[in-house]
Amino acid sequence: MINLTWRSGRDLWTRIVERPSLHLSDTECRKLVEDLRAVASLTLNESELEYGVLGGDTERLKNCVITIVYQVDTKSGPRRPIAFNVLSLLDVELSSRPTTVMHLGLVMVDPSVRGRGLSATLYGLTCVLMFLTGQGRPLWISNVTQVPAVAGMVAETFSDVFPSPRPDARRSFDHLSLARQIMAKHRAAFGVGEDAGFDEARFVITDAYTGGSDALKKTFAQAAPHRKQKYNDFCQQQLDYERGDDLIQIGRIDTAAAGQYLRKVAPPTTAIGLTGLVLLLGARMTFLPLIHWLSPNRAWGVLRPVKQKS
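What counts as what
Residues numbered from 1 in each chain as written. Predicted model: local features only at pLDDT ≥ 70, side-chain atom pairs only at ≥ 80, totals over all residues. Heavy atoms only, no water. Helix = DSSP H or I, 4+ residues; strand = E, 2+ residues; numbered from the N terminus. Buried < 20%, exposed > 50% of the residue type's maximum accessible area, 1.4 Å probe, protein only. Contact = heavy atoms within 4.5 Å. Areas by Shrake-Rupley, 256 points an atom, 1.4 Å probe, with all protein chains shown as cover. Expected span 1.5 Å × (residues − 1). Polar contact = N/O pair within 3.5 Å; in protein donor to acceptor, adjacent residues only side chain to side chain. Pairing = 2+ DSSP bridges. 1 Å grid on protein atoms, 1.4 Å probe; cavity = no way out; pocket = protein on both sides within 12 Å on 5 of 7 lines; lining within 4 Å. Points joined across faces, edges and corners; volume = space filled by probe spheres on them. Nonpolar A, V, L, I, M, F, W, Y, C, P; charged D, E, K, R; others polar.

When you go through the chain residue by residue, the secondary structure sums to nine helices and ten strands. Per-residue burial for the chain yields a buried fraction of 49% across its 310 residues. Long-range pairs, those at least 24 residues apart, make up 64% of the contacts in the chain between residues at least 6 apart in sequence. Summed over all atoms, the accessible surface of the chain reaches about 15,700 Å², with 54% contributed by carbon and sulfur.

Its 13 residues place the ends of helix α6 (residues 173-185) 18 Å apart at the C-alpha level, agreeing with the 18 Å of an ideal helix rising 1.5 Å per residue. When α6 is considered as a whole, its buried residues turn out to be His175, Leu176, Ser177, Leu178, Ala179, Gln181, Ile182 and Met183. By the N-cap criterion, in which a side-chain oxygen at the helix start approaches the backbone nitrogen of a residue two or three places on, α6 is capped by serine 172, the distance to aspartate 174 being 3.4 Å.

Okay, the pairing of strand β4 (residues 79-94) next. The buried count for β4 comes to twelve of 16 residues, which makes it a mostly enclosed element. By the bridge criterion, nine bridges tie strand β3 (residues 64-72) to β4 in an arrangement that is antiparallel. Bridge pairing in β4 places isoleucine 68 opposite phenylalanine 84. With eleven bridges joining them, β4 and strand β5 (residues 97-109) adopt antiparallel strand pairing. Bridging across to β5, aspartate 91 finds its partner in threonine 100. Connecting β4 to the next strand, β5, in antiparallel fashion are two residues, including serine 95 with a positive phi near 55°.

Turning our attention to empty space enclosed by the protein. One pass over the structure, following the stated rule, counts one cavity of 30 Å³ or more. By volume, the largest cavity amounts to about 30 Å³. Around the largest cavity, the lining residues are Ala151, Gly152, Pro163, Ser164, Pro165, Tyr231, Phe234, Cys235, Leu247 and Gln249. Broken down by element, the residue count for the lining of the largest cavity peaks at three residues, all from helix α7 (residues 229-238). Looking at the lining of the largest cavity residue by residue, the classes come out as seven nonpolar, three polar and no charged.

Structure (structure tokens):
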């Protein structure tokens, strides 16, 4: 399981922990939740800090990946949490086989440090690491949002994303199957109540803010816009902000999406970007098929794991 901490900027450190309650002590888990609440307290009221993993529910901590960015004061030394993302790992089935959807989940950033490009670390880097630890198998992702900046970021970063204003966006049966299961079994992961509706044609959750996420509801004017106007227009056309609608986006992270992420964060003209792209291309052409073929206990496409002896 992932448990990494590294320097990610001149005064920034990043920590990523997968399923923290399964391998961290109770004390470490409490400290992790305290850091999340410290960031959330800057934008939420005290009564609203029990949403999701912020309440310290150990069951939630068993099925999530937490990314926290810390800012270091070079004079005094202590690290201060300034941003976090909590990815939920949702158990579903696809083609009669169990699989996992990584839900992009709750993101919060200290208002004093917004605009520093932290979303690339909070979203993309964590997803790339989860993709690599899964032996490079395409990994389904989901996202629930009414914010044009977030909807556009997901559509631009990941592969096969629906819904999206991009001309290549299409709703496959896999998209529909996953969205139906997520809405049927995992509403609590993103704070949507049982009385919220689901428009299957548009992938819109109607009256979404009724299950504990009320504090996150925004008007269109309050929601951060995307730099590309098509995403702002798309959200305004598809969503009723007064009622409180959300898009539920389904997509995948694969070698194409991972390569695109590297190109954005580390341009190919740099040594890091070039090395990363070469490794990904080499993995796509040579190593990943071999690894997938030689893994007897993992499914890959039509290949099934060998039957376990009873």
